[in-house]
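# Overview (structure and organization)
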Amino acid sequence: MSQLLDEMEECVPALRRYARALTHDRDRADDLVQDCLERAIRKRGLWRPSGSVRSWLFRILLNIHRNDLRQLRRAPLPLSLDALPDSDPAGPDAQPNSALTGRLALAETARAMQALPPEQREVLLLVAVEEMSYAEAAAVLSIPAGTLMSRLARARAALRDLTQAEPPKLRSVK
């Protein structure tokens, strides 16, 4: 039992990061992680030592999040991303500020990720942000690896379109 709790504790920062990326609300994310950990402890008898504790916790968190989304559809709350600036607040004549430009690009990317369908956003966050392998992310989402890879490709293409970024140029190897 103590080994399981130790492994769960090691996963908390990643769970919080993923929950914040899913919800874009610090308080909701913290509640989501707390609900996940509480459920995992309560249902610890269902965990099989042959699997990854990390994948199991992410699956629990994702299932709770999806249940919360179903409830929110009945009584939607405004997204906190709307408060992010759309353009440079200093105005068009101001000198470019690389830190501000970086924050605006990050805000644009965050808005674009929120516009993705949930299935694509979930895959992109697990693989790109949490750096899970395709197999681990597929296990968290309970989908085949091929489905995960096609969702990831669609998510990346949609994100590129939404942010109007050019696809990376491939160097030719001779």
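In this report, the structure presented in the accompanying data block is examined. (Residues numbered from 1 in each chain as written. Predicted model: local features only at pLDDT ≥ 70, side-chain atom pairs only at ≥ 80, totals over all residues. Heavy atoms only, no water.)

### What about the side chain of Glu136?
By secondary structure assignment, the location of Glu136 is in helix 6 (residues 134-141). Judged by its relative accessible area of 18%, Glu136 is buried. Leaving out residues up to four positions away in the same chain, Glu136 has contacts with Ser52, Arg54 and Ser55. (Helix = DSSP H or I, 4+ residues; strand = E, 2+ residues; numbered from the N terminus. Buried < 20%, exposed > 50% of the residue type's maximum accessible area, 1.4 Å probe, protein only. Contact = heavy atoms within 4.5 Å.)

### Quick notes on helix 1 (residues 2-23)
With 22 residues, helix 1 extends 30 Å from end C-alpha to end C-alpha; this agrees with the ideal 32 Å at 1.5 Å per step. Taken together, the buried positions of helix 1 are Leu4, Met8, Cys11, Ala14, Leu15, Tyr18, Ala19, Ala21, Leu22 and Thr23. In the core, the buried residues of helix 1 are packed alongside helix 2 (26-42), helix 3 (53-74), helix 4 (98-115) and helix 5 (118-129). In the segment just after helix 1, His24 is the residue with positive phi, at about 55°. (Expected span 1.5 Å × (residues − 1).)

Read these as layout, nothing more, since geometry by itself doesn't imply function.
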